[in-house]
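Spelled out from the first residue to the last, the chains are:
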Amino acid sequence: MKGYKVSDARRSRTVGVACQSLDELQVKGCVKLNIGKNVRIQLLDGTCVDDEDYFQTLPSQTVLLFLKPGENADTGADILYNALQAVNLDYLRAGNEAWKFFTHNIKEKVMNLAKLINKHETRNVQLSSKEDDPDWFVGIDSRSATKEEFMGRRSQERIRGYMYKTKDDLIKSETYKNDKTCRKKLTEALQKMNIQLKANKYFSGYFDRRAASDRLCDNVGNFQCKGRWDVCECRYIGVAAHNHMINPYASKEARILFSTWNFDHVVERSRSIVPALLEAAKQASEKNCAINADYFYRLLCTTDNLKLVHIVCHDKGAHNIQCDSHKFTLTA
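Parameters and conventions
Residues numbered from 1 in each chain as written. Predicted model: local features only at pLDDT ≥ 70, side-chain atom pairs only at ≥ 80, totals over all residues. Heavy atoms only, no water. Helix = DSSP H or I, 4+ residues; strand = E, 2+ residues; numbered from the N terminus. Buried < 20%, exposed > 50% of the residue type's maximum accessible area, 1.4 Å probe, protein only. Disulfide = S-S within 2.5 Å. Phe/Tyr/Trp six-rings, centres within 6.5 Å; stacked < 30°, edge-to-face > 60°. Lys NZ or Arg CZ within 6 Å of the ring centre and 35° of its normal. Contact = heavy atoms within 4.5 Å. Lys, Arg positive; Asp, Glu negative; His and termini not counted. Salt bridge = Lys/Arg side-chain N within 4 Å of Asp/Glu carboxyl O. Polar contact = N/O pair within 3.5 Å; in protein donor to acceptor, adjacent residues only side chain to side chain. Axes fitted to C-alpha atoms, helices over the stretch in contact; angles between N-to-C directions. Parallel < 35°, antiparallel > 145°, perpendicular 65-115°, else oblique. Left-handed = near helix turned anticlockwise from the far one by under 90°.

Caption draft 1: Structural context of unusual backbone geometry. Residue Q61 is not a glycine yet carries a positive backbone phi of 70°. Within the secondary structure layout, Q61 lies in the loop between α2 (52-56) and β4 (63-67). We classify Q61 as partly exposed; its relative accessible area is 43%.

Here you go:
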């Protein structure tokens, strides 16, 4: 039995909970926080904790937030900024200036930062453990003993996030709320996708340079931008390729900068995949068959539909490509 700390969305109070399983944590935590059992559990960095295997990897005294339906927890940056605003006018001005810096023309600032990082020596790129390169681990959680382990977790968190957001969007839909048959079809599809995702270890290999398969970098840790969603390759290759390549294993600064790189869904998750899943549920209900969970799983979580891109190549405009309606359901 291990001890954990649990808090609510506002972090107004934190209490200790001793438990052996995620279910036990949820029951005891809800009682101690005096909130209903229908909660979402996440780490301080936003990682959703929704399965037993992942929960068992968390060390003692990990802080977990219990969020009620519709609640979101502030990030550390939000809390710091709000605190600055509450202190005095000088801090308020400083806080506002910092906020402006990070919200205005961020793409250009990231590119300039990349140029500076590329000038730094990369003599530590081959080092792996926290003991050998402690500077690389400054500012991150203590659970990861190696760079590869940390990067693998970051990959898992991104992919788990896509599944969680998709589930949340579906649950909020009128179709899910009001149509019992569609709700059953969607629940079954989500369960199948989660089983498959667990079997694939949440694609930790995408960012792990030592992974035997799935990795998106070479064995040193170099990542190359895959280009905007509607092109075959990054248009900066051969022009300013150094700006659209990165090795987050090289230094703490490179690791931080890598967090600005995005997984871009060619067929968009919110605009296309979620509506398609709702339509698939209706079709499956009418045909008395199952949703093609494998098709949607590949769109949500795999490089069949995901491109790792530099922030400059991440086009947030609408993509003019839709899901294939012929693949929505399985043959009855």
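Caption draft 2: Region of the structure containing the state of the cysteines. Summed over all chains, the structure comprises zero disulfides. Between C313, a cysteine without a disulfide, and C225, which holds the nearest cysteine sulfur, the sulfur-to-sulfur distance is 3.7 Å. The class of C313 is buried, set by a relative accessible area of 5%.

Caption draft 3: Seen up close, the packing of aromatic side chains. Under the defined criterion, the tally for this structure stands at 13 aromatic pairs. When the centroid spacing of 4.9 Å and the interplanar angle of 10° are considered together, the rings of F203 and Y206 count as stacked. Taking the relative accessible area as the measure of exposure, F203 reaches 6% and is therefore buried. Judged by centre distance (5.7 Å) and plane angle (40°), the ring pair of F296 and F328 falls under tilted. Taken together, the positions of F296 in helix α11 (residues 293-301) and F328 in the segment after β8 (306-309) put the pair 32 residues apart, joining distant regions of the chain. Across the pair, exposure class does not vary: F296 and F328 are buried alike. The ring centre of F150 lies 4.2 Å from the NZ or CZ of R154, which sits over that ring. Sitting over the face of the ring of W136, R255 holds its NZ or CZ atom 5.2 Å from the ring centroid.

Caption draft 4: Fine view of the side chain of T62. Along the polypeptide, T62 turns up in the loop between α2 and β4. Accessibility expressed as a relative area gives 13% for T62, which makes it buried. Discounting chain neighbours no more than four positions away, the residues touching T62 are Y4, K5 and L43.

Caption draft 5: Molecular detail of the side chain of D8. Locating D8 in the fold gives a position in strand β1 (residues 2-8). We note that D8 is buried and unpaired, the nearest opposite charge coming from R10 at a distance of 6.2 Å. From its side chain, D8 meets the backbone nitrogen of R11 in a polar contact 2.8 Å long. In this structure, D8 is in contact with R13, L33, L65 and F66, ignoring residues within four places of it in sequence.

Caption draft 6: Expanded view of the packing of helix α6 (residues 147-172) against helix α10 (residues 269-287). Axis separation between α6 and α10 bottoms out at 10 Å; the angle between their running directions is 55°. Between α6 and α10, the interaxial angle falls into the category oblique. Crossing handedness for the pair α6 and α10: right-handed. Within the contact between the two elements, α6 uses Y162, K165, T166, D169 and L170 and α10 uses R269, V274, L277 and L278.

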